[in-house]
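As a plain string of letters, each chain reads:
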Amino acid sequence: MRVVIAGGHGKIAQLTHRELAGRGDTAVGLIRNPEHAAALTAAGARPVVADLEHVGVDELAGHLDGADAAIFAAGAGPGSGAARKDTVDRAAAVLLADAAERAGVRRYLLVSAMGVEDEPPTGTDEVFAAYLRAKKAAEDDLTGRDLDWTVLRPGRLTDDPPTGRITLARHVPPGAVTRTDVARVLVALLYEPRTAGLVLELVGGDTTIAEAIASVTAG
């Protein structure tokens, strides 16, 4: 596969690059900062500079030309305000979906987050609430699109060594999951077209990745 990943310098994206390269796939990472190119190359990916807050849909579609799939793994990141939660976590995800449709790339994976389904409770930090709303809006945008989309909502992310064992379902109890396991699940989802149209929550667990994905596509 040729897979284009938005947010290419992020931790999950870099791990996903390595997983794809290890399978012999081609990973293309979209980055905002040209100085991050070397890190992507080291991870086995081809870096492409494309600022998702400023690039046009036609230019972005050109970067997706010939791809088999697109993954949105970008985020405004720590220290950003509520405004950038909207322009990156929502608007950039929508832009990538628009570009995928224009380029004829049907497979689209969106990395979202657990906790987005309900309105943030009273007293939630303003920026975190904006983040949750932005992620949910990006999910909602996919409904009705002509894409084979899958939404993955990881729990609390850690940099612990991967376990290869997860809990994956429409709804799972709150918990943590390693970033490497998230990357491995993303790649496994790419290879299982029957996960299209599913919204899946992910935390660490007792089931192998292959068995967990087989379970959510059964029946």
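Being a predicted model, the structure only gives us computed values, none of them experimental.

Caption draft 1: The nonpolar core, seen in detail. Among the nonpolar cores identified, the biggest contains 33 residues, and Leu30, Leu52, Phe72, Leu96 and Tyr108 are the most heavily contacted of them. For this core, the secondary structure elements donating two or more residues are β1 (2–6), β2 (26–31), α3 (57–64), β4 (69–72), α4 (82–103), β5 (107–111), α5 (126–142) and β6 (148–154). With 8 residues, α4 is the single largest residue contributor to this core. With 30 residues, the next largest nonpolar core counts Leu152, Leu168, Leu200 and Ile213 among its residues.

Caption draft 2: Spatial organisation of the environment of Ala103. As for its position among the elements, Ala103 is in helix α4. As for Ala103 and Asp65, which are separated by 38 residues in sequence, their C-alpha atoms are 5.7 Å apart. Sequence-distant contacts of Ala103, that is, excluding residues within four places in its chain, are made with Ala61, Leu64 and Asp65.

Caption draft 3: Structural context of the pattern of salt bridges. All chains considered together, the criterion is met by 19 salt bridges. Between Arg133 and Glu119 there is a salt bridge, with its nearest N and O atoms 2.5 Å apart. Of the two residues, Arg133 sits in helix α5 while Glu119 sits in the loop between β5 and α5, which places them 14 residues apart along the sequence. When the shortest N-O distance is used, the salt bridge between Glu192 and Arg194 registers 3.0 Å. One connected set of salt bridges, linked through shared partners, spans Glu117, Glu139, Arg153, Arg170 and Glu201.

Reading guide: rules and limits
- Residues numbered from 1 in each chain as written.
- Predicted model: local features only at pLDDT ≥ 70, side-chain atom pairs only at ≥ 80, totals over all residues.
- Heavy atoms only, no water.
- Core = buried A, V, L, I, M, F, W, Y, C linked by side-chain atoms within 4.5 Å.
- Buried < 20%, exposed > 50% of the residue type's maximum accessible area, 1.4 Å probe, protein only.
- Helix = DSSP H or I, 4+ residues; strand = E, 2+ residues; numbered from the N terminus.
- Contact = heavy atoms within 4.5 Å.
- Salt bridge = Lys/Arg side-chain N within 4 Å of Asp/Glu carboxyl O.

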